[in-house]
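Residue-level structural notes
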Amino acid sequence: FTLYELAGAVTNLAAGVMGAKWGIKSTLIAGLILQLCSYGMLFGWNPEWNKDQAIIFVTFAQMLAGIAKDLTKLGGKTVTKLVTPEEQ
């Protein structure tokens, strides 16, 4: 969980730069793809792994999910601001 939050914090710091450089659509799509990859990793679970291998695998999947969450959040918030009238 700690790596999830750490990855999210680093992503939040870099997400604005990435959005300005590559565009909001690209960061949103990258976030969605990373989210699918992090969930898809869990299909690669091997029940024969020892405890340490399993913890490392799940922690890495959580890290990708943290990055994906913040990239997607950036895109979602920005799109909402763009389509909401200014008087609201």
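Our subject is the structure listed above.
Residues numbered from 1 in each chain as written. Predicted model: local features only at pLDDT ≥ 70, side-chain atom pairs only at ≥ 80, totals over all residues. Heavy atoms only, no water.

When helices and strands are counted, the protein shows 3 helices and 0 strands. Each helix and strand of the protein, placed in order from N terminus to C terminus, yields the pattern α-α-α. Buried positions account for 27% of the 88 residues belonging to the protein. Long-range pairs, those at least 24 residues apart, make up 76% of the contacts in the protein between residues at least 6 apart in sequence. (Helix = DSSP H or I, 4+ residues; strand = E, 2+ residues; numbered from the N terminus. Buried < 20%, exposed > 50% of the residue type's maximum accessible area, 1.4 Å probe, protein only. Contact = heavy atoms within 4.5 Å.)

Listed in full, the 8 residues of the largest apolar core are Ala7, Met41, Phe57, Ala61, Met63, Leu64, Ile67 and Leu71. Sort the elements by how many residues they give to this core and helix H3 (residues 51-83) lands first, with 6 residues. (Core = buried A, V, L, I, M, F, W, Y, C linked by side-chain atoms within 4.5 Å.)

Attention shifts here to a nonpolar patch on the surface. On the surface, Tyr39, Leu42, Trp45 and Val58 cluster together into a nonpolar patch covering about 390 Å² of accessible area. Looking at where tyrosine 39 falls in the secondary structure, it is placed in helix H2 (residues 24-41). (Patch = residues over 30% accessible without salt bridge, like charges linked within 9 Å, V, L, I, M, F, W, Y side chains within 5 Å. Areas by Shrake-Rupley, 256 points an atom, 1.4 Å probe, with all protein chains shown as cover. Salt bridge = Lys/Arg side-chain N within 4 Å of Asp/Glu carboxyl O.)

This next bit is on the side chain of serine 38. Relative to the helices and strands, serine 38 is located in helix H2. Under the relative-accessibility criterion, serine 38 is labelled buried at 2%. In this structure serine 38 touches Ala61, Leu64 and Ala65, once residues within four positions along its chain are discounted.

Turning next to the pattern of salt bridges. In a structure, side chains of opposite charge can pair up when their charged atoms sit close to one another. The final tally for this structure, using the stated rule, is 2 salt bridges. Measuring nitrogen to oxygen at the nearest pair gives 3.4 Å for the salt bridge that ties aspartate 70 to lysine 69. Overall, lysine 69 belongs to the partly exposed group, its relative accessible area being 31%. Put simply, aspartate 70 and lysine 73 hold a salt bridge, and the shortest N to O gap is 3.1 Å. Of this pair, aspartate 70 and lysine 73 both sit in helix H3, separated by 3 residues, roughly a single helical turn. Counted as one network, the salt bridges with shared partners bring together Lys69, Asp70 and Lys73.

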